[in-house]
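Observations on chain architecture
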Amino acid sequence: MIDLRLLREDPDRVRASQRARGEDVALVDSLLSADERRRSSGLRFDELRAEQKALGKLIPKATGDEKAALLKKTGELAAAVKAADAAKDEAKAETDELLLRLGNLVHPDVPVGGEEDFVTLETHGTIRDFDQEGFAPRDHLELGTALGAIDVERGAKVSGSRFYFLTGVGALLELALVNAAMAQATAAGFTPMLTPALVRPQSMAGTGFLGQAAADVYHLDKDDLYLVGTSEVALAAYHMDEIIEADRLPLRYAGFSPCFRREAGSHGKDTRGIFRVHQFDKVEMFSYVKPEDSEAEHQRLLAWEKEWLTSLELPFRVIDVATGDLGSSAARKYDCEAWIPTQGKYRELTSTSDCTEFQSRRLAIRMRDEQKVRPLATLNGTLCAVPRTIVALLENHQQPDGSVRVPEVLRPYLGGRELLEPVAK
């Protein structure tokens, strides 16, 4: 959530942010009104309580008619205090509900627009010319099936559409990717974490995933628990309701977890193969920093993502995501998109978001700096979303005979193997 004081002092900035996101601008004025009612009802309650206490001190000294009058007034005042308390609670609840619906303030340099209005910042690597090489590229499913690495037919038989098995070298490739990603993160100073895949509602809401993204989340009604779509949720809630000493910052965690997404609204998109699935594994970077350090940390997370994709020898580009595609928590987001040969376009592999103080305010995570307690900033960044990375690896490193070259960074985790080769049928 944003700072209510900032909302009062500069409502036009908040309105502009909502407008840039394509969200409801009227929400800002509704929130301002609710906040005014909250503050005024709080003052009224305090005044009545003070009057009630003062009256209580007079009663023991009073006698006769004076005491009777005071007692009558006490009863009336008690009813007024009760009503004022209820009005205060109602106004606070309304304010809190509206505040939770408001997105983070967009960074002023973010391009304005929808999904296709991003700005390309960098391009890395060389896209292969398969025509020049003399063969037509196979897609990842054809390659993965021939390698004995991917089985979507049995995935669908067991669990339904958008599920899959990684088998043989496919399973080994996932383990290699996860271990290599964790090795890079650990070398960069991240603490490795294996995180819960089920979280409480306050954890999911605190990270901003029960707003516009709620339709994409799996909920276990009987237990009132949510399956995470990213370990960002557990890593953000890890320090919920805590005060962290400033000299401990930055705190950096690399979480590995299964991720679950309903892919609501994706009907008919990426139905072939394992690019868009309901369950996958991911290594996620997460940072807690001082608010004034968040932009620099964002650049560091992006640099680690670029280092990872470069080590995998993938052609990719970096985009500055437009305002309408940020998600409620991010003030700014960069995506790294790898080239997928058979699709003839770049597709998202990693994403890093600067959430500034938005999540820490919702989760009550604060820092103590020179005896002052204040919210800190949180940031997240994908290091390796396994299925999409496998898609990019298979398609970009395929050979004419259907084998796939293994990038050097993964070879130590695959027993020194340089090629993944088709299995005999």
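Residues numbered from 1 in each chain as written. Predicted model: local features only at pLDDT ≥ 70, side-chain atom pairs only at ≥ 80, totals over all residues. Heavy atoms only, no water.

- Per an unreviewed UniProt entry, the protein is named Serine--tRNA ligase, and its organism is Streptomyces triticagri.
- In its Subunit (unreviewed entry) section, the UniProt record describing the protein reads: "Homodimer. The tRNA molecule binds across the dimer."
- If you open the UniProt record of the protein and go to Subcellular location (unreviewed entry), you find "Cytoplasm". (UniProt positions renumbered as here; feature names shortened; annotations may be inferred.)

Remarks on the overall build of the protein
- Along the protein, the regular secondary structure elements total 13 helices and 18 strands.
- Projecting the C-alpha coordinates of the protein onto the three principal axes gives extents of approximately 105 × 45 × 40 Å.
- Relative to its full complement of 425 residues, the protein shows a buried share of 49%.
- In the protein, the share of contacts with a sequence separation of at least 24, taken over all contacts with a separation of at least 6, comes to 72%.
- Put simply, the protein shows about 20400 Å² of open surface, and 50% of that area lies on carbon and sulfur atoms.
- Within the protein, the 68 negative side-chain charges are centred at a point lying 5 Å from the centre of the 55 positive side-chain charges. (Helix = DSSP H or I, 4+ residues; strand = E, 2+ residues; numbered from the N terminus. Buried < 20%, exposed > 50% of the residue type's maximum accessible area, 1.4 Å probe, protein only. Contact = heavy atoms within 4.5 Å. Areas by Shrake-Rupley, 256 points an atom, 1.4 Å probe, with all protein chains shown as cover. Lys, Arg positive; Asp, Glu negative; His and termini not counted. Charge placed at Lys NZ, Arg CZ, Asp CG, Glu CD.)

Describing the nonpolar core
- Of all hydrophobic cores here, the largest spans 56 residues; its most connected members are L173, L177, I274, W308, I390, L394 and L410.
- Once you skip the residues sitting within four places of it in the chain, L177 turns out to touch W308, L312, C384, V386, T389, I390, L393 and L410.
- In terms of nonpolar packing, the next biggest core, distinct from the first, is built from 15 residues, Y253, Y288, I365 and M367 among them. (Core = buried A, V, L, I, M, F, W, Y, C linked by side-chain atoms within 4.5 Å.)

Structural notes on the sheet that holds strand β5 (residues 198–199)
- Here three strands make up an open sheet; going across it, the order is β5-β7-β6 and the pairing antiparallel. Lying at the two open borders of the sheet, with one neighbouring strand each, are β5 and β6 (218–220).
- Inspection of the sheet shows β5 paired to strand β7 (residues 225–227) by two bridges, in the antiparallel sense. The residue of β7 that forms the bridge with L198 is L227. (Pairing = 2+ DSSP bridges.)

Things to note about the UniProt feature "binding site: L-serine" (unreviewed entry) in the protein
- The UniProt record annotates "binding site: L-serine" (unreviewed entry) at T230, S231, E232, R261, E284, N380 and T382.
- Among the structural elements, S231 can be located in the loop between β7 and α10 (232–237).
- Classification of S231 by relative accessible area gives buried; the value is 1%.
- Here E284 shows up in strand β10 (residues 279–289).
- The exposure class assigned to E284 is buried, which follows from its relative accessible area of 2%.
- Look past the residues within four positions of E284 in its chain and what remains in contact with it is T230, S231, E232, L235, Y253, A254, G255, N380, G381, T382 and L383.

Some details on the domain arrangement of the protein
- Along its sequence, the protein is organised into domain 1 (4–101) and domain 2 (119–420).
- A separation of 44 Å is found between the C-alpha centroids of domain 1 and domain 2.
- Counting residues at the interface gives four residues for domain 1, matched by eight residues for domain 2.
- Of the roughly 480 Å² buried where domain 1 meets domain 2, counting both sides, 35% is carbon and sulfur surface.
- At the junction of domain 1 and domain 2, the tally comes to zero salt bridges.
- Its residues placed into classes, the side of domain 1 that touches domain 2 shows two nonpolar, no polar and two charged. (Domains from an automatic or database assignment. Buried area = accessible area lost by both parts, 1.4 Å probe. Salt bridge = Lys/Arg side-chain N within 4 Å of Asp/Glu carboxyl O. Nonpolar A, V, L, I, M, F, W, Y, C, P; charged D, E, K, R; others polar.)

Quick word on the packing of aromatic side chains
- Tallying each qualifying case throughout the model produces six aromatic pairs.
- Note on Y238 and Y253: the rings are 5.4 Å apart at their centroids and 75 degrees apart in plane angle, and the pair reads as edge-to-face. In this pair, Y238 sits in the loop between α10 and β8 (243–245) while Y253 sits in strand β9 (residues 251–260), placing the two residues 15 residues apart along the sequence.
- By relative accessible area, which is 45% here, Y238 ends up partly exposed.
- Judged by its relative accessible area of 7%, Y253 falls in the buried class. (Phe/Tyr/Trp six-rings, centres within 6.5 Å; stacked < 30°, edge-to-face > 60°.)

A short note on the packing of helix α8 (residues 169–187) against helix α13 (residues 386–396)
- Interaxial distance between α8 and α13 falls to 10 Å at its minimum, and their mutual angle equals 110 degrees. Overall, the two elements α8 and α13 adopt an arrangement that is roughly perpendicular. For the pair α8 and α13, the contacting residues are G170, L173, E174, L177 and V178 in the first and V386, T389, I390, L393 and L394 in the second.
- Residues belonging to the contact of α8 with α13 are distributed by class as follows: seven nonpolar, two polar and one charged. (Axes fitted to C-alpha atoms, helices over the stretch in contact; angles between N-to-C directions. Parallel < 35°, antiparallel > 145°, perpendicular 65-115°, else oblique.)

A word on the packing of α8 against helix α11 (residues 294–311)
- Relative to each other, α8 and α11 sit at 140 degrees, their axes nearing to 11 Å. Regarding the angle of α8 to α11, the classification is oblique. Here α8 runs over α11; the crossing is right-handed. From α8, L177, A180, A181 and Q184 reach across to α11, where they touch W304, E307 and W308.
- Per-class residue counts for the contact of α8 with α11 are five nonpolar, one polar and one charged. (Left-handed = near helix turned anticlockwise from the far one by under 90°.)

A look at the pairing of strand β12 (residues 332–340)
- Of all nine residues that make up β12, nine are buried, and the element is covered over most of its length.
- Neither face of β12 is exposed, since R332, Y334, C336, A338 and I340 on one face and K333, D335, E337 and W339 on the opposite face are all buried.
- When strand β11 (residues 316–320) meets β12, the two strands line up antiparallel, connected through five bridges. Bridge pairing links D320 to Y334 in β12.
- Pairing analysis gives nine bridges linking β12 to strand β13 (residues 345–354), with the strands arranged antiparallel. From the neighbouring strand, Y334 faces β13, where its bridge partner is T352.
- Between β12 and β13, which pair antiparallel one after the other, the connecting turn spans four residues, and G344 there sits at a positive phi close to 65 degrees.

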